[in-house]
Each structure stands twice: as structure tokens, then as C-alpha cells.
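# Observations on the three-dimensional arrangement
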Amino acid sequence: ERFEDAELMSEQLSTFLRYSLSHSPDSLIRLADELSAIEAYLTLQKTRFGDKLRVQWHIDEQVKQQLVPALLLQPLVENAIKYAVAAQQNGATITISGGQSDGLVQLSVQDDGPGAQSAAGHGTGVGLRNIRDRLYQHFGEQARVVVQSLPAGFSVAIALPPQQSNLL
């Protein structure tokens, strides 16, 4: 009897699928487009998890025009949902951040899930390895990925050289 939820989920699923099918993971896109796709994905998951899924956004407007590999942050958000939100009765908060510091674009996805206390960890690392490989392909040694399992949470921070998009 959740017709409105089903309609919302269908709309957000189609938005997310359109995005993921129209952008090769090897292409560079505006961070704003990546964030819009993540918002659609999170809306889907919010319908599924309700109040168990909490999201905080800390994105500086200046970085939204930066170019990043497509589907760069989405796998990190997906992992946070799987290993933090779904794994805990009370759910978790996912914080998505972006800004510029030290001449680099700084992006991060962090959760306040079980972190180091989790025996399962955050999977086998295939997604993280793919992210590292794609960053290296585009930016070489100028890009970095720092993964931290915290006492209460998990964090992935990405630093890459700025590449401004001229598209609005």
C-alpha cells in the first residue's frame, strides 16, 4: 500500500540508471552530476531504510564544476550503506564532503558505522582498487586515496588535481 514510495523509487531508479548507463567509468564528468546521481541513489535507499539512513552534505560550491571520473563516489556511498547503515539496528550517518585544500580537490565519504569493530570490514577492496586505478589513469601520481577504518566508522578520502569544467 506504499504507492507514493513506489512511484518515488521508480523515478529515482530511472534517474540513477540513466546516469550510470550514459557515463563510462573511464569518462570525466562534473562533480555536480556525480552528486545528483548520488542524491537519486540515496533517495532510493532512504525509501528502503527510512530513518536508519542519515546523510550529511558538506560540498563547497566551488568544487561542483570540477571534473572527476564518473561513478567515483557512488561505490563508496553504496559500501557505507551496506556495511554501516544496513548492518546496524540504529543505522548510520553518511557524510559526503568536498572542497579544495593545498591546491587539490578533496572529496570524502565517511560513515559512523562499526568501523574497526566490524569483523566483515568494508568488503574485499575491489571497489577501492577500481577507484585507485581510475584515478591513476586520469591523474597519475597526483591523485591519492586514503582509507581509514575508525573505532566508530569508516572513511575514504580522495585528493585529485583540479580540472575545472567550462559547462554549467
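Residues numbered from 1 in each chain as written. Predicted model: local features only at pLDDT ≥ 70, side-chain atom pairs only at ≥ 80, totals over all residues. Heavy atoms only, no water.

Turning to the overall build of the protein chain, a few remarks are in order. Secondary structure summary: the protein chain contains four helices and seven strands in total. Going from the N terminus to the C terminus, the protein chain shows its helices and strands as α-β-α-β-β-α-β-β-α-β-β. Per-residue burial for the protein chain yields a buried fraction of 44% across its 168 residues. For the protein chain, the share of sequence-separated contacts (at least 6 apart) that also reach a separation of at least 24 residues comes to 75%. Total accessible area on the protein chain is roughly 9,000 Å²; 50% of this is exposed by carbon and sulfur atoms. (Helix = DSSP H or I, 4+ residues; strand = E, 2+ residues; numbered from the N terminus. Buried < 20%, exposed > 50% of the residue type's maximum accessible area, 1.4 Å probe, protein only. Contact = heavy atoms within 4.5 Å. Areas by Shrake-Rupley, 256 points an atom, 1.4 Å probe, with all protein chains shown as cover.)

Attention now goes to helix α2 (residues 31-49). When the terminal C-alpha atoms of α2 are compared, their 26 Å separation across 19 residues agrees well with the 27 Å that a helix rising 1.5 Å per residue should span. Looking one or two places after α2, you find Gly 50, whose phi comes out positive at around 60°. (Expected span 1.5 Å × (residues − 1).)

Inspection of every chain in the model, using the stated rule, returns two salt bridges. Among the ionic pairs, Asp 33 bridges to Arg 30, the shortest N-O distance being 2.9 Å. When its relative accessible area of 14% is taken as the criterion, Arg 30 is described as buried. Here Lys 64 and Glu 61 are joined by a salt bridge, their closest N and O atoms 3.0 Å apart. (Salt bridge = Lys/Arg side-chain N within 4 Å of Asp/Glu carboxyl O.)

Moving on to the pairing of strand β7 (residues 153-160). The side chains of a regular strand alternate between the sheet's two faces. Within β7, seven of the eight residues are buried, which leaves the element mostly enclosed by the surrounding structure. Bridging between strand β5 (residues 104-111) and β7 involves seven bridges; their strand directions are antiparallel. By the bridge assignment for β7, Leu 107 is matched with Ile 158. Relative to β7, strand β6 (residues 144-150) runs antiparallel, the two sharing seven bridges. Paired with Arg 144 across the bridge in β7 is Ala 159. (Pairing = 2+ DSSP bridges.)

A few words now on the confidence of the model for the protein chain. Per-chain confidence: the protein chain averages 85 in pLDDT, with 79% of residues scoring 70 or above. Looking at the elements of the protein chain, mean pLDDT is at its lowest for helix α1 (residues 3-22), recorded as 62, and at its highest for strand β2 (residues 53-59), recorded as 98. (pLDDT = per-residue confidence, 0-100.)

Where a protein is soluble and globular, its nonpolar side chains tend to be buried together. Counting 36 residues, the largest nonpolar core has Leu 72, Leu 73, Ile 81, Leu 107, Leu 135, Ile 158 and Leu 160 as the members making the most contacts within it. Counting only elements with at least two residues in this core, the list comes to α2, β2, α3 (74-85), β4 (92-101), β5, α4 (126-139) and β7. Setting aside chain neighbours within four positions, we find Ile 158 in contact with Leu 72, Leu 73, Leu 76, Val 105, Gln 106, Leu 107, Ile 131, Leu 135, Arg 144 and Val 145. (Core = buried A, V, L, I, M, F, W, Y, C linked by side-chain atoms within 4.5 Å.)

Another point: the packing of α2 against α3. The contact between α2 and α3 brings their axes to 10 Å, and the two run at 20°. The angle between α2 and α3 falls in the class roughly parallel. For the pair α2 and α3, the sense of crossing is right-handed. Across the interface between the two elements, Glu 34, Ile 38, Tyr 41, Leu 42, Gln 45 and Phe 49 of α2 pack against Gln 74, Val 77, Glu 78, Ile 81 and Val 85 of α3. Of the residues that constitute the contact of α2 with α3, the class distribution is seven nonpolar, two polar and two charged. (Axes fitted to C-alpha atoms, helices over the stretch in contact; angles between N-to-C directions. Parallel < 35°, antiparallel > 145°, perpendicular 65-115°, else oblique. Left-handed = near helix turned anticlockwise from the far one by under 90°. Nonpolar A, V, L, I, M, F, W, Y, C, P; charged D, E, K, R; others polar.)

This brings us to the environment of Ile 59. Within the secondary structure, Ile 59 is located in strand β2. Distance in space between the C-alpha atoms of Ile 59 and Gln 106 is 9.9 Å, their sequence separation being 47 residues. Not counting residues up to four positions away in its chain, the partners in contact with Ile 59 are Leu 35, Lys 64, Ile 96, Ser 97 and Gly 98.

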